[in-house]
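# Summary of structural features
Residue-level listing of the chains:
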Amino acid sequence: MASHNELGSQRRQPRRFRPSELAGWGATTGLVTALPVAALMGYQGMLDDRSLGVVPQWGVFIGYATAVGVAIGLGVAYRPRGLAVAASGGVLISLLGWLVFSLTLDPVLHGQTPTWSAPAAAAAYGVLVADVLHGALTGAAVHGLLALHARRPGSKGPRSASAPAEAEPPTRVLIVGGGFAGLSAARRFERLALSGAPIDVTLIGDSNFLLFTPMLAEVASSALEPAHISAPIRAAVPHTRFLYGAVADIDTDDRTVRLSTGTAATSEVERIGYDHLVLAVGSVPHFLDLPGVAEHALTLKDLDDATLLRNHVIGLLEQADHTETDPEQRGNLLTFVVAGGGFAGAETIAELFDLVHRVLHYFPGIAPDEPRFVLVHSRDRILPELSAELGAYALDRLRSRGIEFRLDVRVAEATATDVLLTDGDRVPTRTFVWTAGNRPSALVAKLGGEHARNGAPITDPTLRVTGLDRVWAVGDCAQIPDLARDGAPFPPTAQHALRQGTVVAENIAAVIAGRPPAEFRFRTIGLLVALGHRTAAAEIRGRRFSGVAAWLLWRGIYLAKLPGVEKRLRVLLDWVLDLAFPRDIVVTTRQQPTESTLSVLTTPVSTTRARQTRAEQTRDGQPR
Amino acid sequence: MTATVTAAAPIRRGETLRATALGVAAGIAGGLVFGAAMASFGALPTVASIVRADSPAVGFAVHMVIAAVIGAGFGLLIAHQRAQASETLFWGLIYGGFWWFLGPQTLLPLLLGEPVTWDLPSAQALLPSLIGHLFYGATTAMVFIAFHRDAGETQLPGLATAACGVVAGVTVAALLYLVLDVMANAPLGWIFVEGTLAGLGYPLLFAARREGAGPALIRGTAYGFLWWIVAGLTLPPLLRGDALDWSQEAAVTAVDRLPAYLLLGAGVALVFTGLSGLGRWLFVDDVRMLRVESPGARGLRATGYGALAGLAGGVVFTLVMVLVEALPAVAGLVGAQAPTTGLLVHLTIAQIIGVSYAVLFRRRSFDLTSGIGWGVSYGFVWWVLGNLTLLPILTGGPLQWDAAGVAAGFPSLVGHLAYGAALGVVYYRLEARTNPWWITRNQAEAQRVAARRDQTLGSAPALWGLTVLIALTIPLLISG
């Protein structure tokens, strides 16, 4: 793999003349080439009868020709070997100039209505010839002058790709993390680069797609296909260099990161340098060091998690349908526990409920009232991010479906077969989903600078990490003070991450240009939570919505927010098909049968945890 | 299925002299063609007057010297272009056209001590000279490229490619005959002979060039103009056994077939490109030769941008429409007369054409000039197809492809060109804002983009200039 610096030099674009330079050269050339043409016209008596007030017609023509020269300078610019192109471009622009000036503006300036008729054009034919000659001359002359200027020693003029640039290399910006914040920053950088910002941007991600996390629970419930809620990073930011790999560590003194790429068998490690580093590595589940939780809990942070949870639940249904006769054992198989009553927890329990009951007709051995769903939450109400009224609404709706809520209680311990609560109650289950805590990736926790209690680097209001030079942090991995709320941290939501990504890109460009960075200010637009089965709750700019209206709002807004038309169509199609067809119960991972049962039943969560442990090990050094 | 022509290599040190010498030779070849035509018009004594003589022989000698010198200029100019062999034809045409403005209208009178002839009657009298200059340019270009080593090797199109061309030519000719009643008084067989020849000629000249339908459409239109000059203006008197007649009167007589030839060329190019693409899709086993990106990947957004750009162009065009009071005629498309209805119909059509522009010209503009160039050229195509053809048909009127009709459509032509320019500029800006395809991530991609830019610059600027020159001069030259 080529090194970053090699790539950087490859990507360097030929330097261009500034627009003001092009306009200046064009104006000068347009003026100079207009002189012989105007002289010829004057000598032939063609410039005597169309003066404009006190301005004689030759003066009008020269002014017009100078303006055309500016347009030709800006339009044809300079390209090596572009003499004929410049000349023909000059003819094209001058002919359009003839339409605009001679057939349109000139009559208007003389108090007449333009008719653009053939007789009017015939009357202006002489100027047409003059314009053709002037345009070709100007185009060719602009090209020649710019070529001479470009070759002059010490010139800061243009270079072709074949002529190595001697200019200052662009500032290297490294974004670590391809989530909402990282991708938003990369997108903004692309725009800034197009406007001429001298930046060379590289994005590193440990997955090569952007996961649209708000729809993750629907993947777990088999309503959506996994690939449909993920967008390839390379397609989303087609002009940004993307490196697929995991960052093992960051050296802020040396301004390098250590990147690990390839599979375990073909792993390669290399150091990537940067001038500005943007950390957007997201968060990972935090199990609060509770006994057995890290080993036995499922999580819902990525596509693997969602697929695993779905396969796990369907596998349990398969097992309960035909092998278990012991009621206690069946209860163990058919009890689904979710820890955490925030957005993720509420959506997960609702979607699990939908999944089980939408596919239960495939499993005649399971009675409809057998599956049990339990949500454990440490506070007295769920969805604390929403108003108490909406939280109560959500609680009532989910409770009315038969979902149990254990409020004001926490998980104390988990085993392979049950979950122990802090009130001493023990819930037998093979399915325990943890959504009750997140923390920033270990990668940023190891960094220098100031950190919050959860390990997140603390930034100033301009998103710069406090205590570190040229390091910026955005998204879930950072603690960013909200000046409108006395410095309280911004919540870790996608809408914040998207805006933070945009602002960090603009701030870095500002710093490169010698301007001060701007403070990040954003007021939450709204919060939406899906509660399964055509129900949702939403709060948008203080207005509350619930029920089907909120559900439609949820679907409409998130569908619109999905990256790319293709993904939107695919998800829309999934939703439409979900109305007409039952959910899929295909178990997509191979299950290894043991003595008399499926492995998913004997060690379901252990298997999960093994994967989880591997993931944790990786995440210690990986962005998300 | 397709023949290959390799791109011209970059010019090397020492090649300039060779290109100049080759240009001289090519210019002499072009001069022979033009000289023969001048001899038949009896125009050589005028040239001889430059050296204060009146003998046709002296005139011919002077003409050949001038042709050689101008040919040398062409050699110098084109040697720096990376034009493919057949594309050089358009550089030759616009070069010849430019020299018509500079030579007989400007330098020749000055050399004779007379005023320049920058007025329409003089230009109309010089119409034979314009056609001669175009023949000169085309011949010079083809001879130059035939002997230019770096232009690459040209292969004749394969049988399947030629068959595609013939099918395209016959299909479009049949459509013109059956739907538009073009050349209704000509024998049916003649229509198909022309269609076959035009269809065969297109792949012969351009089959080696694989690119999008949009650029092909513009090239086809220019190709149609060439066919009008050859088959509409030059061959008929010769086939009748008469003398060559490129006079304004002859052009006025033949102009009623100019839109038909333009549509024939554009149609042949489109159908041929479509058939070639279909052939590749059906029969080419090597997926590397197929398009990498599916149309839906970014096509939907491009379509939206096309509608927006079309609306912007439509608003510009509205200015012309309002001032020349053309909106009621547009309202006639839906059986109404109110200007407001006409405006709505006009803006709707503007958006539909904008969408078609996005489909045809996506990723074809890499700067403002190329956006303007493609847009203006596309605007001209729609003047021929829309104003001269579809509007009268859909409003129940007769086609007016004669000189008076073409001249009457001049305001609409201006509007279409302005529409195209705005469409091209806005679409380019939108594309640049969201998907600047020319900004690359690595060397390999940079090379691909550079190749595409070279391909565009190889001929497109000549096409744009030629299209606008045709658009603005021909209606004037045949009017009045």
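All figures in this text were calculated on a predicted structure; none of them were measured in a lab.

Turning our eyes to something else, we now look at the overall build of chain B. A count of helical and extended segments in chain B gives 18 helices and zero strands. Per-residue burial for chain B yields a buried fraction of 51% across its 480 residues. Long-range contacts, defined here as pairs at least 24 residues apart, represent 82% of the contacts in chain B between residues at least 6 apart.

Before going further, it helps to spend a moment on the overall build of chain A. Across its full length, chain A holds 20 helices and 24 strands. Out of the 624 residues in chain A, the part that is buried amounts to 48%. Contacts spanning at least 24 positions in sequence make up 70% of the contacts within chain A whose residues lie at least 6 apart.

This part covers unusual backbone geometry. Residue and element names in this part refer to chain A. In this structure, serine 222 is a non-glycine residue whose phi angle is positive, near 70°. Structurally, the position occupied by serine 222 is in the loop between helix 8 (216-220) and strand 4 (230-232). For aspartate 486, which is not a glycine, the phi torsion comes out positive at approximately 55°. Within the element layout of this structure, aspartate 486 appears in the loop between strand 20 (481-482) and strand 21 (488-489). A residue is classified by how many C-beta atoms lie within 10 Å of it, and aspartate 486, with 7 of them, is exposed.

Turning our attention to the packing of helix 4 (residues 88-111) of chain B against helix 6 (residues 127-147) of chain B. Residue and element names in this part refer to chain B. Remark: helix 4 packs on helix 6, axes separated minimally by 7 Å, with the N-to-C direction vectors making an angle of 140°. Judged by the angle between their axes, helix 4 and helix 6 are oblique. Once helix 4 is placed against helix 6, the crossing between them reads as right-handed. Packed against helix 4, whose contacting residues are Thr88, Leu89, Trp91, Gly92, Leu93, Tyr95, Gly96, Gly97, Trp99, Trp100 and Pro104, the element helix 6 presents Ser129, Leu130, His133, Leu134, Tyr136, Gly137, Ala138, Thr140, Ala141, Met142, Phe144 and Ile145 at the interface.

Strand pairs in the sheet, formed through backbone hydrogen bonds, run parallel or antiparallel to each other. All names here are of chain A. Sheet architecture is open: five strands sit in the order 5-2-1-9-19, paired in parallel fashion. Two strands close off the open sheet at either side, each with one partner strand: strand 5 (241-244) and strand 19 (471-473). Across the sheet, the axes of successive neighbouring strands diverge by a mean angle of 20°, strand direction being ignored. Of the pairings in the sheet, the one linking strand 2 (residues 199-205) to strand 5 comprises four bridges and is parallel in character. Within the sheet, the bridge partner assigned to leucine 203 lies in strand 5 and is phenylalanine 242.

Turning our eyes to something else, we now look at helix 6 of chain B. The end-to-end C-alpha distance of helix 6 of chain B is 31 Å, a good match for the 30 Å that 21 residues give at a rise of 1.5 Å each. Counting buried residues in helix 6 of chain B gives 18 out of 21 residues, a clear majority hidden from the surface.

Residue and element names in this part refer to chain A. Bridging between strand 6 (residues 246-251) and strand 7 (residues 256-261) involves five bridges; their strand directions are antiparallel. Paired with isoleucine 250 across the two strands is valine 257, which belongs to strand 7. Inspection of the sheet shows strand 7 paired to strand 8 (residues 268-273) by six bridges, in the antiparallel sense. Residue pairing for strand 8: threonine 261 is matched across the bridge by glutamate 268.

Of the residues lining the interface, 45 residues belong to chain A; the matching set on chain B comes to 58 residues. Of all elements in the fold, only helix 1 (4-11), helix 3 (57-76), helix 4 (83-109), helix 5 (118-123), helix 6 (125-151), helix 7 (180-194) and helix 18 (565-580) of chain A reach the threshold of two or more residues within the side of chain A that touches chain B. With 11 residues, the top contributor of residues to the side of chain A that touches chain B is helix 4 of chain A. Its residues assigned to classes, the side of chain A that touches chain B shows 31 nonpolar, 10 polar and four charged.

Detail in the predicted coordinates should be disregarded across regions flagged by low pLDDT. Averaged over chain A, the pLDDT score is 85; the fraction of residues at 70 or greater is 87%. Here residues 1-15 of chain A scores under 50 on pLDDT; set against residues more than four positions off or in separate chains, the count is 30 contacts.

Once that is clear, we can look at the environment of alanine 231 of chain B. All names here are of chain B. Mapped onto the elements, alanine 231 comes out in helix 9 (residues 213-239). Judged by the 19 C-beta atoms lying within 10 Å of it, alanine 231 falls in the partly exposed class. Expressed as a C-alpha distance, the spacing of alanine 231 and alanine 198, which sit 33 residues apart in the sequence, is 9.8 Å.

Attention shifts here to the sheet that holds strand 14 (residues 411-414) of chain A. All names here are of chain A. Pairing is antiparallel across the open sheet formed by three strands, whose spatial order is 14-15-16. The two strands at the open ends of the sheet, each matched to only one other strand, are strand 14 and strand 16 (426-428). Here the average twist between neighbouring strands, direction ignored, is 25°. Of the pairings in the sheet, the one linking strand 15 (residues 418-421) to strand 16 comprises three bridges and is antiparallel in character. By the bridge assignment, valine 419 is partnered in strand 16 with valine 427.

Quick look at the pairing of strand 14 of chain A now. Residues and elements named next belong to chain A. Of the strand pairs in this sheet, strand 14 and strand 15 are connected by three bridges, and their pairing is antiparallel. Across the sheet, the residue bridging to alanine 414 is valine 419, located in strand 15. In this structure, the hairpin formed by strand 14 and strand 15 is closed by a connection of three residues.

Now for the confidence of the model for chain B. Residue and element names in this part refer to chain B. Averaged over chain B, the pLDDT score is 85; the fraction of residues at 70 or greater is 86%. Within chain B, the lowest mean pLDDT, 81, falls on helix 18 (residues 443-477), and the highest, 94, falls on helix 14 (residues 339-361). Confidence estimates for the predicted assembly give a pTM of 0.77 and an ipTM of 0.89.

Attention now goes to the environment of alanine 530 of chain A. Structurally, alanine 530 of chain A is set in strand 22 (residues 526-530). Apart from the residues lying within four places of it in its own chain, the contact partners of alanine 530 of chain A are Glu347, Ala350, Ala536, Trp551 and Trp554 of chain A.

All names here are of chain B. Here valine 384 is to be found in helix 15 (residues 368-394). Considering only alpha carbons, one finds valine 384 and leucine 262, 122 residues apart in sequence, at a separation of 7.8 Å. Contacts of valine 384, omitting those with residues within four sequence positions, involve Pro259, Leu262, Leu263 and Thr389.

How each quantity is defined
Residues numbered from 1 in each chain as written. Chains lettered and ligands numbered in written order. Predicted model: local features only at pLDDT ≥ 70, side-chain atom pairs only at ≥ 80, totals over all residues. Helix = DSSP H or I, 4+ residues; strand = E, 2+ residues; numbered from the N terminus. Buried ≥ 20, exposed ≤ 12 C-beta atoms within 10 Å, placed from the backbone. Contact = placed C-beta atoms within 7 Å. Axes fitted to C-alpha atoms, helices over the stretch in contact; angles between N-to-C directions. Parallel < 35°, antiparallel > 145°, perpendicular 65-115°, else oblique. Left-handed = near helix turned anticlockwise from the far one by under 90°. Pairing = 2+ DSSP bridges. Expected span 1.5 Å × (residues − 1). Nonpolar A, V, L, I, M, F, W, Y, C, P; charged D, E, K, R; others polar. pLDDT = per-residue confidence, 0-100.

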